[in-house]
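# Secondary and tertiary structure notes
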Amino acid sequence: AMWRRYETSPVRDALPKVIKAHKLRWEAFLAWLSDAHPLTLHSHQVTRQIAQEYAEHLWMDCNFSAANYNRHIGTLRMVFDEAMDKDEDLNNPFSRIKKAPERQTRREIFTDAELSILFSDEDEEFVRFCAIGLYTTQRVGSAKNLRWEQFTPDLSRLYATHNKTDADGSMIVPQELKEILERVPQAKRRGFVCPTYASHGA
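What this report covers is the structure whose coordinates are included nearby.

Here we come to the side chain of Lys178. Position of Lys178 among the secondary structure elements: in helix α8 (residues 175-181). Ignoring any residue separated from it by four or fewer positions in sequence, one finds Lys178 in contact with Asp154, Leu155, Ser156 and Val173.

Moving on: the pattern of salt bridges. Per the counting criterion, the structure on display carries 3 salt bridges. Close ionic contact of Arg183 with Glu124 constitutes a salt bridge, the shortest N to O distance being 3.3 Å. Taken together, the residues span a long stretch of sequence, with Arg183 in the loop between α8 and α9 (195-198) and Glu124 in helix α6 (residues 124-135) at a distance of 59 residues. Under the relative-accessibility criterion, Glu124 is labelled partly exposed at 36%. Two residues, Arg147 and Glu149, come together in a salt bridge whose shortest N-O distance is 3.7 Å. Owing to a relative accessible area of 35%, Arg147 belongs among the partly exposed residues under this scheme.

Before going further, it helps to examine unusual backbone geometry. A positive phi angle, near 55°, is found at Asn63, a position not held by glycine. Mapped onto the elements of the fold, Asn63 is located in the loop between α3 (48-61) and α4 (66-86). Judged by its relative accessible area of 63%, Asn63 is exposed. Phi is positive for Leu155, close to 60°, though the residue is something other than glycine. Of note, Leu155 is situated in the loop between α7 (140-143) and β1 (157-158).

About the criteria used
Residues numbered from 1 in each chain as written. Predicted model: local features only at pLDDT ≥ 70, side-chain atom pairs only at ≥ 80, totals over all residues. Heavy atoms only, no water. Helix = DSSP H or I, 4+ residues; strand = E, 2+ residues; numbered from the N terminus. Contact = heavy atoms within 4.5 Å. Salt bridge = Lys/Arg side-chain N within 4 Å of Asp/Glu carboxyl O. Buried < 20%, exposed > 50% of the residue type's maximum accessible area, 1.4 Å probe, protein only.

As structure tokens, this is what we get:
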């Protein structure tokens, strides 16, 4: 019932992928709870101490990044908030669990010399994959699964969506990328653009 309320809420971002991720995080918590506190069978029995133990489990045992840790805690806080709307006697045990500070990393722009080295590699598929990463807005998971059929026959345009948000990622193909893609004969432009990387899994 809680998930149905979440899916239909006008103030929630109820994309199927988002809902699936929330469910997986909730199921991970239930699995941990069954193992660590087998007698805890009701939401009212989940104390702040248990919530703190789970937070430490995520951080210390699972070795999550700050972003992933915060997503898990955010899901649990949301679940209990939703449950509290139905049960006035319920407290949210995750309400005082603090977010982990996310580290800010500075990404330096490639120099002309570095780009020359990168694109002089003899592995054409590697060069093609790097070019897709540099000249499109696709994340690695989406870039490696791009198919030739997503490009127009003249390689002037790419039709794609962003894997994480399902937002439209279609774009005009930059000339630099187009020239690299054109190295593949038109007769061979079928299936994955970078089949070796597509086979590496998620």
